Amino acid sequence: MTAPFTLHGFWRGARDGVPLGLSILVYGLAFGLVASQALLSLGQALAMSAAVYSGSAQLAALNLMQTGQMTLTTLAATIMVINARYILFGAALRPWLGQTTPLKAYGSLLLLGDANWIFTMKAIQSGEQDRAYLAGSGVPMFAGWLVGTAVGLTSGSMLPSPHTLGVDLMLPAFAAAMMAAMMKTRASLLPVIAGAGVALAVGQVAGAGWAIIAAGLAGAVLAAALWRPSGGV
């Protein structure tokens, strides 16, 4: 017997996702502004936001484009490394979301983001049974991301450089906030320190693109080596 996947559950998720969508819209404005400065067209920026749907990965990709160190390999690898966390998000949802049909489950995962993953996990802990909740909570976020991208890009010509506004700080600030939220013990800092050290070393030799990739891999490998079933890190 498959779990419920109803319109009522979808709308309940959409209602809870509205505040998330409004906050993501602001983030999308920042990305659209950076995309404008990188000379992306409206179609290119919207296509990137729809296909990649990850502010951190998209800003990192634009950074590679603006440094002139981008290749197809570094671009793809950067996006894959930064978005690798969604593999873990999906795995955490597997016992709950896997009780519906594959089409509904994988379709819902297309709307998965950091914020609505957290919301959905909390809803599950509170007894949420309707699997449409995840997709519903993702729709306002996805819409806010696209609207923010479009508005930010079209208004980019009327605003100063992202460096002047400090928008170029958005990516490291977002990454730092994510890191702080995930730090549970002192040992959790070890992968961060390893990643930072590797990034500095590789950046001097191979440039920013490979530095991002190497840092992500180094941190992930060390975190996996330190992990213990009891939650040692």
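Here, every reference points to the structure presented above.
Rules of the game
- Residues numbered from 1 in each chain as written.
- Predicted model: local features only at pLDDT ≥ 70, side-chain atom pairs only at ≥ 80, totals over all residues.
- Heavy atoms only, no water.
- Core = buried A, V, L, I, M, F, W, Y, C linked by side-chain atoms within 4.5 Å.
- Buried < 20%, exposed > 50% of the residue type's maximum accessible area, 1.4 Å probe, protein only.
- Helix = DSSP H or I, 4+ residues; strand = E, 2+ residues; numbered from the N terminus.
- Contact = heavy atoms within 4.5 Å.
- Axes fitted to C-alpha atoms, helices over the stretch in contact; angles between N-to-C directions.
- Parallel < 35°, antiparallel > 145°, perpendicular 65-115°, else oblique.
- Left-handed = near helix turned anticlockwise from the far one by under 90°.
- Nonpolar A, V, L, I, M, F, W, Y, C, P; charged D, E, K, R; others polar.

Undergrad: Could you clarify how one ought to interpret the nonpolar core in this entry?
TA: Buried together is how nonpolar side chains tend to be arranged in soluble globular proteins. Core analysis: the largest hydrophobic core is formed by 22 residues, its most contacted members being Phe31, Ala35, Leu40, Leu62 and Trp145. The element best represented in this core is helix H1 (residues 7–37), accounting for six residues. Among all residues touching leucine 40, those that are not within four sequence positions of it are Ala35, Ala45, Met48, Leu62, Met65 and Leu153. Counting nine residues, the second-largest nonpolar core is a separate cluster that includes Leu93, Trp96, Leu97 and Leu112.

Undergrad: Would you mind going over the packing of H1 against helix H3 (residues 55–67) with me for this structure?
TA: The N-to-C vectors of H1 and H3 enclose an angle of 15°; their axes lie 10 Å apart at closest approach. Here H3 runs roughly parallel to H1, going by the angle between their axes. The interaxial crossing formed by H1 with H3 has left-handed handedness. Taken together, the residues of H3 that come into contact with H1 (itself represented by Tyr27, Phe31, Val34, Ala35 and Gln37) are Gly55, Ser56, Gln58, Leu59, Leu62 and Gln66. Residue composition of the contact of H1 with H3, by class: six nonpolar, five polar and no charged.

Undergrad: Sorry, what's going on with unusual backbone geometry here?
TA: Positive phi outside glycine occurs at leucine 39, with the angle close to 70°. Structurally, leucine 39 is set in the loop between H1 and helix H2 (42–51). In this model, tyrosine 53 sits at a positive phi of 50°, which is unusual for a non-glycine residue. Within the element layout of this structure, tyrosine 53 appears in the loop between H2 and H3.

Undergrad: Is there a simple way to explain the environment of alanine 211 in this structure?
TA: When you line up the elements, alanine 211 lands in helix H12 (residues 208–226). Classification of alanine 211 by relative accessible area gives buried; the value is 7%. Remark: the alpha-carbon pair of alanine 211 and threonine 74, spanning 137 residues in sequence, is separated by 9.9 Å. When neighbours within four sequence positions are excluded, alanine 211 is seen to be in contact with Ala199, Val202 and Gly203.

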